[in-house]
Amino acid sequence: MTLLLDVRDLHGLPGGPFAFHLEAGECLVISGPSGIGKSLLLRMIADLDPNEGVLQLEGQTRAEMSAPAWRARVSYLAAESGWWAETVIEHMAPRMAAAPLLSRLGLRPDILEAPVSQLSSGERQRLSLIRALIRNPRVLLLDEPTSALDPGSTTLVEALIAERRAAGMGAIIVSHNPEQAARIATRRFAMTAGQLTELAGP
Amino acid sequence: MNAPSLTPADLALAAALVLASAGLSLLLDFRIHRPMVVASLRMVAQLLLVGQVLRIVFRIGHPIVTLAVLAVMAAAVVYEVGARPERRLAGLWHYMAGGLPTVVCGFAIVVLALLTALSPSPWYDARVAIPLAGIILGNVMNAVSLALNVFFSAAVRERGAIEARLALGATKGQALHGVSTQALRTALIPTINQMAAAGIITLPGIMTGQLLAGMDPIGAAKYQILLMGLMLSGSFAGALLALKLAATRLTDDRHRLRLDRLRPRG
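Because the structure is predicted, anything quoted here is derived from the model rather than measured.

What follows is about the overall build of chain B. Looking only at helices and strands, one finds nine helices and two strands in chain B. Taking the principal axes of its C-alpha atoms as reference, chain B extends roughly 70 × 55 × 40 Å. A total of 266 residues make up chain B; the buried ones form 32% of that total. Across chain B, every contact between residues at least 6 apart in sequence was considered, and the portion connecting residues at least 24 apart equals 72%.

In structure tokens:
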């Protein structure tokens, strides 16, 4: 296995120091009570909130990369997706890359032309995953990526993420769902106040 | 040109109309009578005071005295532009983001006009410099406070959208572009509307004043055209600089959105 992301001595708002690593193709699942700081931990890794620590992506330290370059490779998806333009397609870059992924997640082909305001929360959640995947990040930080989805759509999302992992992407996922964690995690962590503990067994 | 002088009886008419309006508001329970009366009293006191001060300043005609008046105006503008937005930056940045652009861009435009188009003799003549500074600063101040107000509230309201862009690798400039555009447009709309309506729907203030003072209509129109150009460019420059400063403070060198640096008003 090749080391993808190495996190050492990371601390900030949700506490710390946190230390863990992620190998290519791995999927870490973090669980823990609401409000403990799981989302803030993901945001710190993406450098979206002030934090300190030594982070390396494939041997390159975060400090020597510009923040946009880091986030293009280590991309964070919030639990509630944000949209900055009127229609879906305006969020997709490159535009053509989005179309083939729609059917994979059970979305209708003409949804790209739809105004964002008319989408259901489940549609938005899947489209925000597509929006991130077409930019080819090395690591995806997913905050409850299937919270608004039915079991069928959840299976499709998990399958697409597994396919990307097989191609070398890594994922760190915050999930409240123990069955989901059991299905997709290569390693599992429990977050308690300011600490991350690795759980035994996948 | 000699303006007709107003007698105390003429002013009493204005006072009577205000009192009648306040009385009507009281009668109909619209509860606007108090602000009406208080604002009227303030206005009378302020204008008479400023009239007296300007009379003395014009008589002395010394540049230091003119400069002192302009400095007081600048201080008032810095305070006022800071008092308006619903949200504000913490600490001294609050005055930096609003006051600095207003004063710098406002005075740059004033000095430019004094040295070129208006060129009174001497160029710093208080009779031209002070009223010109007043109208330009007032206009730039409105634009800057509108720009900051929209920028800060939109940044808070659209945090999810801004951070979604950042999270995918956008720079802070790209992520804030939509919000900045909204803010700049809102800031300039009053001045643009004023220009579009000028002469058709309303006679602008300067022109009205000069017509009442007996100036030739074409001469008055030329003055108004010059001033409108000064106001629009001053407002644009002021709002642009204010947005640049606000965006700088609302983000950091790691391209994060720093809403923690905003405070609600008060």
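What follows covers the sheet that holds strand 6 (residues 74-77) of chain A. Through backbone hydrogen bonds, the strands of a sheet pair up, either in parallel or in antiparallel fashion. All names here are of chain A. With mixed pairing, the six strands of this open sheet are ordered in space as 6-7-8-3-9-10. Only two strands of the sheet have a single partner each, and these edge strands are strand 6 and strand 10 (195-199). Pairwise comparison of adjacent strand axes, ignoring direction, gives a mean angle of 20° for this sheet. Across four bridges, the pairing between strand 3 (residues 27-31) and strand 9 (residues 187-192) is parallel. Opposite Ile-30, over in strand 9, you have Phe-189 as the bridge partner.

Okay, the interface of chain B and chain A next. Taken together, the contacts link 15 residues of chain B with 19 residues of chain A. Of the residues belonging to the side of chain B that touches chain A, the class tally is six nonpolar, five polar and four charged.

By size, the foremost hydrophobic cluster in this structure holds 107 residues, and its most contacted members are A:Leu141, B:Ala147, B:Phe151 and B:Leu243. Residue contributions to this core peak at 19 residues, all from helix 5 (residues 126-157) of chain B. Those residues in contact with B:Ala147 that lie beyond four places of it in its chain are B:Ala183, B:Leu184, B:Thr186, B:Ala187, B:Ala239, B:Ala242 and B:Leu243.

What follows concerns the sheet that holds strand 4 (residues 51-57) of chain A. Residue and element names in this part refer to chain A. Pairing within the open sheet is antiparallel, and its four strands lie in the order 2-1-4-5. The open sheet has two edge strands, strand 2 (15-23) and strand 5 (60-61), and neither has a second partner. Both strand 1 (residues 3-12) and strand 2 contribute to a ladder of six bridges, which runs antiparallel. Note on strand 2: the bridge partner recorded for Val-7 is Phe-20. Each of strand 1, strand 2 and strand 4 is contacted by helix 1 (residues 38-45), which is oriented at about 115° to strand 1, the strand it contacts most.

This next bit is on the domain arrangement of chain B. Residues and elements named next belong to chain B. The domain architecture assigned to chain B consists of domain 1 (1-60) and domain 2 (62-264). Taking only C-alpha atoms, the centre of domain 1 and the centre of domain 2 are 28 Å apart. On the side of domain 2, 11 residues touch domain 1, which itself brings seven residues to the contact.

Right, let's get into the packing of helix 7 (residues 172-197) of chain B against helix 9 (residues 217-249) of chain B. Residues and elements named next belong to chain B. Interaxial distance between helix 7 and helix 9 falls to 10 Å at its minimum, and their mutual angle equals 160°. It follows that helix 7 is roughly antiparallel to helix 9 by the angle criterion. In the crossing of helix 7 with helix 9, the sense of the turn from one axis to the other is right-handed. Residue-level contacts link Leu-176, Ser-180, Ala-183, Leu-184, Ala-187, Leu-188, Thr-191 and Met-195 of helix 7 to Met-228, Met-231, Leu-232, Ser-235, Phe-236, Ala-239, Leu-240, Leu-243 and Ala-247 of helix 9. Taken together, the residues of the contact of helix 7 with helix 9 sort by class into 14 nonpolar, three polar and no charged.

Turning next to the confidence of the model for chain B. All names here are of chain B. The predicted model of chain B averages 93 in pLDDT, with 98% of residues at 70 or higher. Of all helices and strands in chain B, the one with the weakest mean pLDDT is helix 8 (residues 205-212) (89), whereas helix 6 (residues 159-167) scores best (98). ipTM for the predicted complex: 0.96, alongside a pTM of 0.91.

Further remarks concern helix 1 of chain A. Side chains three or four residues apart in an α-helix point the same way, a direct result of the helix having 3.6 residues per turn. Most of helix 1 of chain A is tucked away: seven of the eight residues are buried. At the exit of helix 1 of chain A stands A:Asp47, carrying a positive phi of roughly 65°.

About the thresholds
- Residues numbered from 1 in each chain as written.
- Chains lettered and ligands numbered in written order.
- Predicted model: local features only at pLDDT ≥ 70, side-chain atom pairs only at ≥ 80, totals over all residues.
- Helix = DSSP H or I, 4+ residues; strand = E, 2+ residues; numbered from the N terminus.
- Buried ≥ 20, exposed ≤ 12 C-beta atoms within 10 Å, placed from the backbone.
- Contact = placed C-beta atoms within 7 Å.
- Pairing = 2+ DSSP bridges.
- Axes fitted to C-alpha atoms, helices over the stretch in contact; angles between N-to-C directions.
- Nonpolar A, V, L, I, M, F, W, Y, C, P; charged D, E, K, R; others polar.
- Core = buried A, V, L, I, M, F, W, Y, C linked by C-beta atoms within 7 Å.
- Domains from an automatic or database assignment.
- Parallel < 35°, antiparallel > 145°, perpendicular 65-115°, else oblique.
- Left-handed = near helix turned anticlockwise from the far one by under 90°.
- pLDDT = per-residue confidence, 0-100.

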